Amino acid sequence: MNLIYDYLDTELEESIKPKFRVKQIYNWLYKKYVNNFDEMKNLPKNLKEELKDKFEIDNIKIADIQEASDGTKKYLFKLSDGHTIETVLLKMKEKVIDKDGKVLSGEKFTVCISSQVGCKVGCSFCFTAKGGFIRNLSAGEIVYQILAIKRDNNIVENKSVNIVYMGMGEPLDNFDNLVKSIKIFTNLDGLAIAPRRQTISTSGLSSKIEKLGKLNLGVNIAISLHAVDDELREELIPMNRAYNIKSIIDAIKKYPIDERKRVMFEYLIIKDVNDDLASAKKLVKLLNGIKAKVNLIYFNPHEGSIYQRPTNKKVNEFQEFLHNRGLLCTIRESKGIDIDAACGQLREKELKEKRLFT
Ligand code: SAH
Ligand code: SF4
């Protein structure tokens, strides 16, 4: 049986009549976070029974939650077939309250979601890659991550969150379900998360970047670049053999970018591998003419990895170099360091523990 979250409203309308019932169902699911058909009070009894016969609504469970001292929370979800995925809730801004208790500005949340169990791309620095590829997530399994986190943290219905597809998996390698999840997130009768609040991070499947661009969904794109020449990039991201740097840049030049936005280029800095200023210089040249911003990420070491975290000095020098040449550049705060928030690590820990007991 399929998850009810797998369906666009237009798809549900094909089997649920009259149409306004679908709007009511969407409201219960995505605004009231109800995970039981019996609680959908304004639906007739026979429709509730029909829904129970046709759809699953509650077959994904929270298997573990870890909270870091900075408020970052990492969720491990158990899917209906027993596989696990990770989702991370990041608190970007705290609530500001004046002395009389009046809320001056609310907190801001970003949720980092997974798109696959494992990943095919096989990057040499990535923890997710170590377990290989298991399967794609369905659109509903992607959508459910946001829903469960909003519910679990009492994030009210009209409080929007930002979504980054930066958890486990390569979103563009699960193209159809990715597109469907974006449409479900955006639906005004549902979560109503504006496309400009959604960012798709990709290791650079150029043909799919073009395909996504042509759909004009309004979502942001982030490219995990990490290297400025193909030789090193192939070492880090084997898929670069099929989709080299030039093909990615060409695809990005065609991607429709919101006027107020820029394309984000993620650059994972690894000690003595790509932290030199000659690379920074090449990066400036490569991004010339693109409305770009660069996000420098400290490599987060994990058990068995051959790479090391760069020094603060090197990262700051790299940033300064880009900045001085007019390239917008931020350094990604290492949130949730004390809970290994780099995706894949909590899942790996769980798998290991399971192995110990079986
Ligand atoms: N597959 C997509 C999205 C998921 S990976 C992609 O590669 O873009 C999301 C981000 O996590 C990528 O930018 C990746 O480079 C980064 N990442 C992976 N392993 C990491 C590690 N050990 N330390 C820091 N960042 C890491
Ligand atoms: Fe896959 Fe992204 Fe990890 Fe590379 S970094 S293996 S593309 S999840």
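These numbers come from a predicted model, not from an experiment.

*Asks:* Could you give an account of the packing of aromatic side chains, naming the residues involved and the relevant values?
*Replies:* All chains considered together, the criterion is met by eight aromatic pairs. Where tyrosine 75 meets phenylalanine 77, the ring centres are 5.9 Å apart and the plane angle is 15°; that geometry is what we call stacked. On the basis of relative accessible area, tyrosine 75 is assigned to the buried category, the value being 0%. With relative accessibility at 1%, the residue phenylalanine 77 sits in the buried group. Counting every residue linked through ring pairs, the aromatic cluster contains Tyr5, Tyr26, Tyr30, Tyr75, Phe77 and Tyr144.

*Asks:* I'd like to hear about the nonpolar core, residue by residue, with values.
*Replies:* Grouped together as the largest cluster of nonpolar side chains are 101 residues, with contacts concentrated most on Ile4, Phe185, Leu212, Phe265 and Leu322. If one sorts the elements of this core by residue count, helix α5 (residues 139-152) sits on top with seven residues. For this core, the domains that each give at least three residues are domain 1 (1-59) and domain 2 (60-356). Apart from residues no more than four positions distant in its own chain, phenylalanine 185 is found in contact with Ile113, Ile142, Val143, Ile146, Ile163, Tyr165, Leu191, Ala192, Ile193 and Gln198.

*Asks:* Explain the sheet that holds strand β14 (residues 263-269) to me, using residue names and the numbers behind them.
*Replies:* Spatially, the 10 strands line up as an open sheet ordered β3-β4-β5-β8-β11-β12-β13-β14-β15-β16, and their pairing is mixed. Lying at the two open borders of the sheet, with one neighbouring strand each, are β3 (61-67) and β16 (328-331). The average angle at which neighbouring strand axes cross in this sheet is 20°, direction not considered. Looking at chain direction, strand β5 (residues 84-93) and strand β8 (residues 108-112) are connected through five bridges and run antiparallel. In the sheet register, leucine 89 faces β8, and the bridge partner there is valine 111.

*Asks:* Help me get a handle on the domain arrangement of the protein, residues and values and all.
*Replies:* In terms of domains, the protein is made up of domain 1 (1-59) and domain 2 (60-356). On a C-alpha basis, the centres of domain 1 and domain 2 stand 31 Å from each other. Domain 1 puts 19 residues into the contact, and the matching count from domain 2 is 26 residues. Summed over both sides, the interface of domain 1 with domain 2 buries roughly 1,900 Å², with 54% coming from carbon and sulfur. Counting the contacts that link domain 1 with domain 2 gives three salt bridges. Close ionic contact of aspartate 58 with lysine 61 constitutes a salt bridge, the shortest N to O distance being 3.5 Å. Seen at the junction of domain 1 and domain 2, the total is 11 residue pairs in polar contact (both at pLDDT 80 or more). Every element with two or more residues in the side of domain 1 that touches domain 2 is listed here: α1 (9-15) and α2 (20-30). In terms of residues, the side of domain 1 that touches domain 2 owes the most to one element, α2, which gives five residues.

*Asks:* Talk me through the site of ligand 2; I want residue IDs and the actual numbers.
*Replies:* Surveying the vicinity of ligand 2 reveals the residues Cys119, Val121, Gly122, Cys123, Phe125, Cys126, Ala129, Gly169, Glu170 and Ser203. Within the shell around ligand 2, the residues separate by chemical class into six nonpolar, three polar and one charged.

*Asks:* So what's going on with the site of ligand 1? Which residues, and what values?
*Replies:* The environment of ligand 1 is made up of 19 residues, and the closest members are Gly169, Ser201, Ser224, His226 and Asn300. Note that a nitrogen atom of ligand 1 is positioned 3.4 Å from one of the backbone N or O atoms of phenylalanine 125. Between ligand 1 and the protein, one listed contact pairs a nitrogen atom with a backbone N or O atom of asparagine 300 at 2.9 Å. For ligand 1, the accessible surface in isolation is 530 Å², of which the surrounding protein chains cover 90%. Of all the secondary-structure elements, those providing two or more residues to the shell around ligand 1 are β12 (198-202), β14 and β15 (292-298). A breakdown of the residues in the shell around ligand 1 according to their chemical character gives eight nonpolar, nine polar and two charged.

The rules behind the values
- Numbering of residues begins from 1 in every chain and follows the order in which that chain's sequence is written.
- Each chain gets a letter, beginning with A, and each ligand a number, beginning with 1, in the order they are written.
- Given that the model is predicted, a residue must reach a pLDDT of at least 70 before its local features are reported, and side-chain atom pairs must reach 80 or more before they are shown or counted; all residues, however, enter totals for whole chains, interfaces and linings.
- The side-chain figures draw on all heavy atoms in the structure; neither hydrogens nor water molecules are used.
- The pairing test for Phe, Tyr and Trp rings, Trp by its six-membered ring, is centres within 6.5 Å, and the orientation test on the planes gives stacked under 30 degrees, edge-to-face over 60, and tilted for anything in between.
- Here the term buried applies to any residue with accessible area under 20% of the maximum for its type, exposed to any over 50%, and partly exposed to those in between, with areas from a 1.4 Å probe on protein chains only.
- Residues belong to one nonpolar core when they are buried, are Ala, Val, Leu, Ile, Met, Phe, Trp, Tyr or Cys, and are joined through side-chain atoms within 4.5 Å.
- In DSSP terms, a helix is any run of H or I states spanning at least four residues, a strand is any run of E spanning at least two, and both are numbered starting from the N terminus.
- Boundary definitions for the domains trace back to an automatic or database domain assignment.
- Here, two residues are considered to be in contact whenever any of their heavy atoms come within 4.5 Å of each other.
- Two strands make a pair as long as DSSP finds a minimum of two bridges between them.
- Whenever a helix is involved, its axis is fitted only over the stretch in contact; in every case the axis is a line through C-alpha atoms, and angles between N-to-C directions fall within 0 to 180 degrees.
- In short, buried area is how much 1.4 Å probe accessible area vanishes from two parts on joining, totalled over both.
- A pair is scored as a salt bridge if a Lys or Arg side-chain nitrogen falls within 4 Å of a carboxyl oxygen belonging to Asp or Glu.
- Within 3.5 Å is the distance limit for a polar contact, defined as a pair of N or O atoms, with the added protein rule that one can donate a hydrogen and the other accept it, and that residues adjacent in sequence qualify only through two side-chain atoms.
- It suffices for a single heavy atom of a residue to lie within 4 Å of a molecule or strand for the residue to be listed as near it.
- Gly is placed with the polar residues, together with every amino acid not listed as nonpolar (Ala, Val, Leu, Ile, Met, Phe, Trp, Tyr, Cys and Pro) or charged (Asp, Glu, Lys and Arg).
- Each accessible area is a Shrake-Rupley result for a 1.4 Å probe, and residues are judged covered by the shown protein chains and nothing else.

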